[in-house]
Amino acid sequence: MHGFEDGTVVYLAEAEGAHRVLDSLVVSDGRFAYDAPASDQLLCLIPSGAATPALYFFACPGNAYVELSAEKGCSRVSGTKVNNAWQALNDTVAKYDAHLRTLFTADSISPHKTYAASEQLYTTLTRRINEAAIKNNDNALGRFISSHYLPK
């Protein structure tokens, strides 16, 4: 784990709602381990003293590997099909978010061009999210996207 000293407590919590804490884990030699029953539930890890989660991941069958970073947006998850796809989706969303933010921080003499560019980015991002939902329609990620993002 980057930026977390030995003895740092990391809380395993439910991802939705008030982030109800399920357990606490202690960092030792830059690592922590937890054997959780596979539930396909979206969980999060919150470092002690932090107001927001550092990482979201799915508690699904297999070994999930997490790389927590004290730097916002730099934590990563991998190791299972669902978590690999989740990380790829998060990377995609971050990429398009950065492009959109750039559009609106630059001076524009043509608001119509800025709107058209942002609309194109948003449309492409929406398509990528829909593709992830379809590709993962048989697992927790597909169900999560379908229930939290896609129009009913």
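To start, this report covers the structure provided alongside it.

Conventions used here
Residues numbered from 1 in each chain as written. Predicted model: local features only at pLDDT ≥ 70, side-chain atom pairs only at ≥ 80, totals over all residues. Heavy atoms only, no water. Helix = DSSP H or I, 4+ residues; strand = E, 2+ residues; numbered from the N terminus. Buried < 20%, exposed > 50% of the residue type's maximum accessible area, 1.4 Å probe, protein only. Contact = heavy atoms within 4.5 Å. Areas by Shrake-Rupley, 256 points an atom, 1.4 Å probe, with all protein chains shown as cover. Salt bridge = Lys/Arg side-chain N within 4 Å of Asp/Glu carboxyl O. Core = buried A, V, L, I, M, F, W, Y, C linked by side-chain atoms within 4.5 Å. 1 Å grid on protein atoms, 1.4 Å probe; cavity = no way out; pocket = protein on both sides within 12 Å on 5 of 7 lines; lining within 4 Å. Points joined across faces, edges and corners; volume = space filled by probe spheres on them. Pairing = 2+ DSSP bridges. Axes fitted to C-alpha atoms, helices over the stretch in contact; angles between N-to-C directions.

In this section: the overall build of the protein chain. The helix and strand inventory of the protein chain stands at three helices and six strands. When burial is assessed residue by residue, the protein chain has 33% of its 152 residues classed as buried. Across the protein chain, the fraction of contacts at a sequence separation of at least 24, relative to all contacts at a separation of at least 6, is 39%. Here the protein chain displays about 9,700 Å² of accessible surface, and carbon together with sulfur accounts for 53% of that area.

As a further point, take the side chain of Gln-87. Its place among the elements puts Gln-87 in helix α1 (residues 81-105). If we ignore the near neighbours within four places in the chain, the residues touching Gln-87 are Ser-75, Arg-76 and Val-77.

Turning to the pattern of salt bridges, a few remarks are in order. All told, the structure shown has five salt bridges when counted by the stated rule. Between Arg-101 and Asp-97 there is a salt bridge, and its shortest N-O distance comes to 2.8 Å. Note that Arg-101 and Asp-97 are positioned in helix α1 at a spacing of four residues, about one turn of the helix. Judged by relative accessible area, Arg-101 falls into the exposed class, the value being 55%.

The subject of this paragraph is the environment of Val-26. Along the chain, the position of Val-26 falls in strand β2 (residues 21-26). Sequence separation of Val-26 and Val-10 is 16 residues, and the distance between their C-alpha atoms is 6.2 Å. Not counting the four nearest positions on each side in its chain, Val-26 is found in contact with Gly-7, Thr-8, Val-9, Arg-31 and Phe-32.

Formed by 30 residues in total, the largest nonpolar core has its most connected members in Leu-45, Phe-58, Trp-86, Leu-141 and Ile-145. Among the secondary structure elements, those contributing two or more residues to this core are β1 (9-14), β3 (41-47), β4 (55-59), α1, α2 (111-135) and α3 (140-148). Residues contacting Leu-141, with those up to four places away along its chain left out, are Phe-58, Val-82, Ala-85, Trp-86, Leu-89 and Asn-136.

Time to look at the environment of Leu-141. Within the fold, Leu-141 resides in helix α3. When the C-alpha atoms of Leu-141 and Gly-73 are compared, they prove to be 20 Å apart, with 68 residues separating the residues in sequence.

We now examine the layout of surface pockets. The volume enclosed by the largest pocket comes to roughly 870 Å³. In terms of lining, the largest pocket is formed by 30 residues, of which the most central are Pro-53, Ala-54, Tyr-56, Gly-73 and Asn-90. Among the elements that line the lining of the largest pocket, the one with the most residues is α1, at nine residues.

To continue, consider the sheet that holds β1. Here four strands make up an open sheet; going across it, the order is β2-β1-β3-β4 and the pairing antiparallel. The sheet is open, and its two borders are formed by β2 and β4, each paired with just one other strand. Neighbour to neighbour, the strand axes of the sheet diverge by 30° on average, direction disregarded. Summarising the sheet, β1 and β3 pair through five bridges and their orientation is antiparallel. Paired with Val-10 across the bridge in β3 is Pro-47. Its contacts with the sheet place α1 against β3 and β4, and it is angled at close to 150° to β4.

Two faces, one strand: in a regular strand the side chains alternate between the faces of the sheet. Counting buried positions along β4 yields four of five residues, so the element is predominantly enclosed. Inspection of the sheet shows β3 paired to β4 by five bridges, in the antiparallel sense. In the strand pairing of β4, Leu-45 is matched with Leu-55.

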